[in-house]
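Given next are the chains, with one letter for each unit.
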Amino acid sequence: MKLHLPSIEISLHGIHLSGRVARLGNRLVRVPYFRGHGVHSPYIYAIVREVFMRKTLMDGDRTVYDLLIEKGVPERRAVQLQNLAIHCGYKGCGYDVAEGDLWIASEQLSNGELLELMARARTERHTVAVLNPYATREREALCNGIVLRHPSTTVDNRGYLLIFNNHLPKQHFRI
């Protein structure tokens, strides 16, 4: 039997964990929002219960789902984003383009293109779903910067980052 110990680095700036131990920290931060507990926004609580926790497609249009499956997005994420569109009443979506009410930004967009899309979504008051916000360290840093500067609500569920540009106050949820 082999025993695998986590790697720990100690430096002047503190202790750095890597591998499985580091991922555990990310999960622990999300525990208060599990199944919507700890979410004090009725709007986001409804999204957690009706969108994130639902495993099947809601009745309605399948345009977002079909587009995402065609683009190679995992089925679970495609179901969630389609259900979000139905739940929020969004009409149409754009994939890496500014079309419809829900704009989906893939990893194919450069950092500059993503920031331009975010700025336009903010002025036109559209919701953006940034796919794979943890794909690379650079993308994670960019998404963290977007969250810090964004004046409304953001929701990070690991598979995508939702950026709402509506009447909601500045809040960030890690689910």
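Note that the coordinates shown come from a computational prediction; the quantities given were computed from them, not determined experimentally.

Calculation notes
- Residues numbered from 1 in each chain as written.
- Predicted model: local features only at pLDDT ≥ 70, side-chain atom pairs only at ≥ 80, totals over all residues.
- Heavy atoms only, no water.
- Helix = DSSP H or I, 4+ residues; strand = E, 2+ residues; numbered from the N terminus.
- Buried < 20%, exposed > 50% of the residue type's maximum accessible area, 1.4 Å probe, protein only.
- Contact = heavy atoms within 4.5 Å.
- Areas by Shrake-Rupley, 256 points an atom, 1.4 Å probe, with all protein chains shown as cover.
- Core = buried A, V, L, I, M, F, W, Y, C linked by side-chain atoms within 4.5 Å.
- Phe/Tyr/Trp six-rings, centres within 6.5 Å; stacked < 30°, edge-to-face > 60°.
- Lys, Arg positive; Asp, Glu negative; His and termini not counted.
- Salt bridge = Lys/Arg side-chain N within 4 Å of Asp/Glu carboxyl O.
- Polar contact = N/O pair within 3.5 Å; in protein donor to acceptor, adjacent residues only side chain to side chain.

Enquirer: Which parts of the structure should I look at to understand the overall build of the protein chain?
Expert: The number of helices and strands found in the protein chain is six helices and eight strands. Helices (α) and strands (β) of the protein chain occur, in sequence order from the N terminus, as β-β-α-α-α-α-β-β-α-β-α-β-β-β. The buried share of the protein chain, reckoned over its 175 residues, is 39%. A fraction of 51% describes how many contacts in the protein chain between residues 6 or more apart in sequence connect residues 24 or more apart. A total of about 10500 Å² of accessible surface is found on the protein chain, and carbon and sulfur atoms cover 54% of it.

Enquirer: Would you mind showing me how to read the environment of Ser152 here?
Expert: With respect to the helices, strands and loops of the structure, Ser152 is situated in the loop between α6 (137-149) and β6 (153-156). For the pair Ser152 and Ile163, spaced 11 residues apart in sequence, the C-alpha to C-alpha distance is 7.7 Å. Excluding residues within four positions of it along the chain, Ser152 makes contact with Phe164, Asn166, Leu168, Pro169, Lys170 and Gln171.

Enquirer: Help me understand the side chain of Ser106, please; the structure alone is not making it clear to me.
Expert: Within the secondary structure layout, Ser106 lies in the loop between β4 (102-105) and α5 (111-124). The class for Ser106 is buried, based on a relative accessible area of 3%. Ignoring anything within four residues of it in the chain, the contact list for Ser106 reads Tyr95, Asp96, Leu131 and Arg139.

Enquirer: Teacher, can you tell me more about the nonpolar core here?
Expert: Among soluble globular proteins, nonpolar side chains are generally buried collectively. The biggest cluster of nonpolar side chains holds 28 residues, and the ones touching the most others in it are Phe52, Leu81, Leu84, Ile104, Leu162 and Phe164. Mapped by element, the contributors of at least two residues to this core are α2 (42-52), α3 (63-70), α4 (75-88), β3 (93-95), β4, β5 (127-131) and β7 (160-163). Discounting chain neighbours no more than four positions away, the residues touching Phe52 are Ile47, Gln80, Val155, Asn157, Tyr160, Leu162 and Ile175. In this structure, Trp103, Ala105, Met118 and Ile163 belong to the second largest nonpolar core, which totals 15 residues.

Enquirer: Which parts of the structure should I look at to understand the packing of aromatic side chains?
Expert: To describe a pair of aromatic rings, you give the distance between the ring centres and the angle between the ring planes. A complete count under the given rule lists two aromatic pairs for this structure. Here the aromatic rings of Tyr43 and Phe164 are separated by 5.7 Å at their centres, their planes lie at 85°, and the arrangement is edge-to-face. Remark: Phe164 occurs in the loop between β7 and β8 (171-174) and Tyr43 occurs in helix α2; sequence separation between them is 121 residues. Overall, Tyr43 belongs to the partly exposed group, its relative accessible area being 25%. Phe164 sits in the buried class, given a relative accessible area of 0%. Considering the side-chain rings of Phe52 and Tyr160, the 6.3 Å spacing of their centres and the 55° angle between planes classify their relative orientation as tilted. In this pair, Phe52 sits in helix α2 while Tyr160 sits in strand β7, placing the two residues 108 residues apart along the sequence. Pair check on accessibility: Phe52 and Tyr160 agree, each one buried.

Enquirer: Which parts of the structure should I look at to understand the side chain of Arg139?
Expert: Mapped onto the elements of the fold, Arg139 is located in helix α6. In this structure Arg139 is buried but unpaired, with Glu107 as the nearest side chain of opposite charge at 5.5 Å. At 3.0 Å, the side chain of Arg139 and the backbone oxygen of Asn132 are in polar contact. Beyond its immediate sequence surroundings of up to four residues, Arg139 is in contact with Ala105, Ser106, Glu107, Leu109, Leu114, Val130, Leu131, Asn132 and Pro133.

So far we have only geometry, and geometry alone does not tell us how the molecule works.
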